[in-house]
Amino acid sequence: MGTMSGPVHIRGSVSVPEAELQWRFSRSSGPGGQHVNTSDSQVELRYDIANSAVLPEVWRERALERLAGRLVDGVVSVRASEHRSQWRNREVALTRLGALLAEATAPPPRPRRATRPTRGMIERRLENKRRRSQIKRGRSGRYET
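The residue numbering used here restarts from 1 in each chain and proceeds along that chain's sequence as written. Two thresholds apply to this predicted model, a pLDDT of at least 70 for residue-level local features and 80 or more for giving and counting side-chain atom pairs, whereas whole-chain, interface and lining totals are computed over all residues. Computation of side-chain values: all heavy atoms of the structure, hydrogens and water removed.

Student: Whenever I open this one, the environment of V43 confuses me. Can you help?
Tutor: The helix and strand labels rest on DSSP assignments: H or I over at least four residues marks a helix, E over at least two residues marks a strand, and numbering proceeds from the N terminus. As for its placement among the helices and strands, V43 is situated in strand β4 (residues 42-48). Once the C-alpha coordinates of V43 and R27 are considered, the two residues, 16 residues apart in sequence, prove to be 8.8 Å apart. Any two residues whose heavy atoms approach within 4.5 Å are treated as being in contact. Not counting residues up to four positions away in its chain, the partners in contact with V43 are W23, R24, F25, V78, R79, A80, Q86, N89, R90 and A93.

Below you can see the structure in the form of structure tokens.
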């Protein structure tokens with residue numbers, strides 16, 4: 001494992017420096033002919049959320065809670081092997097990690113305020129139900145007057 005590439009921008013002014021990212025490269029399956037047997041184009045990017053010095057405490061707790069199913073000892077791992085070049089796979093992995101962390105650290109949505117339907121909406125809904133009922137009753141073959 002080594003370090004390379006740039007920082008991962010999360011949100012606002014917070015970004016993860018490359019010193020906290022760990023890269024691992026391996027041979028990728030899929031197309032590539034003879035080239036695929038000689039190059040390590042699959043990329044695995046790892047980031048230790050639990051011991052990160054950059055994330056604010058609230059964000060870290062939120063990310064650890066939301067990503068609990070993906071974490072191994074507080075470390076999140078992202079893989080990329082779609083492209084034949086390691087460089088493009090690195091870009092994809094950085095983008096994925098940034099999006100994953102941005103979503104995991106986002107504040108919770110505001111709670112929904114309960115509202116009641118208006119009288120007009122209730123009347124329109126009931127009128128549509130009556131109309132549909134009439135249409136379906138007309139299809140049944142028995143004619144009522």
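Student: Explain the pattern of salt bridges here, please?
Tutor: It is possible for side chains of opposite charge to pair when their charged atoms get near one another. In what follows, salt bridge is the name for a side-chain nitrogen of Lys or Arg lying within 4 Å of a carboxyl oxygen of Asp or Glu. Following the criterion strictly, the structure yields seven salt bridges and no others. Here R46 ties to E44 by a salt bridge, and the two come within 3.9 Å at their closest N and O atoms. Summary of the burial criterion: residues with accessible area below 20% of their type's maximum are buried, those above 50% are exposed, and those between are partly exposed, where the area comes from a 1.4 Å probe applied to protein chains only. Judged by relative accessible area, which is 24%, R46 ranks as partly exposed. Put simply, E127 and R130 hold a salt bridge, and the shortest N to O gap is 3.1 Å.

Student: I tried to follow unusual backbone geometry on my own but got confused; where do I start?
Tutor: Glycine aside, the phi torsion of most residues is negative, and most peptide linkages are trans. Positive phi outside glycine occurs at D73, with the angle close to 55°. Locating D73 in the fold gives a position in the loop between α1 (57-66) and β5 (75-80).

Student: Help me understand the sheet that holds β5 in this model?
Tutor: Hydrogen bonds between backbone groups are what pair the strands of a sheet, and the pairing can be parallel or antiparallel. Read across the open sheet, the three strands follow the order β3-β4-β5; overall the sheet is antiparallel. Only two strands of the sheet have a single partner each, and these edge strands are β3 (21-26) and β5. On average, each strand axis in the sheet is tilted by 20° relative to the strand beside it, whichever way the strands run. Alignment of β3 against β4, held across six bridges, turns out to be antiparallel. Any two strands are treated as partners once DSSP identifies two or more bridges connecting them. Whenever a helix is involved, its axis is fitted only over the stretch in contact; in every case the axis is a line through C-alpha atoms, and angles between N-to-C directions fall within 0 to 180 degrees.

Student: In this structure, what is going on with the confidence of the model for the protein chain? I would like to understand it.
Tutor: Regions with low pLDDT carry predicted coordinates that are not meant to be interpreted in detail. pLDDT expresses how confident the predictor is about each individual residue, on a scale running from 0 to 100. Put simply, the protein chain has an average pLDDT of 84, and 86% of its residues get 70 or more. Ranking the elements of the protein chain by mean pLDDT puts strand β1 (residues 8-11) last with 78 and helix α3 (residues 119-139) first with 95.

Student: Explain the pairing of β1 here, please?
Tutor: As a general feature of sheets, a regular strand has side chains that alternate between the two faces. As paired elements, β1 and strand β2 (residues 14-16) share three bridges and run antiparallel to each other. The residue bridging H9 from the neighbouring strand is S15, located in β2. Between β1 and β2, which pair antiparallel one after the other, the connecting turn spans two residues, and G12 there sits at a positive phi close to 65°.

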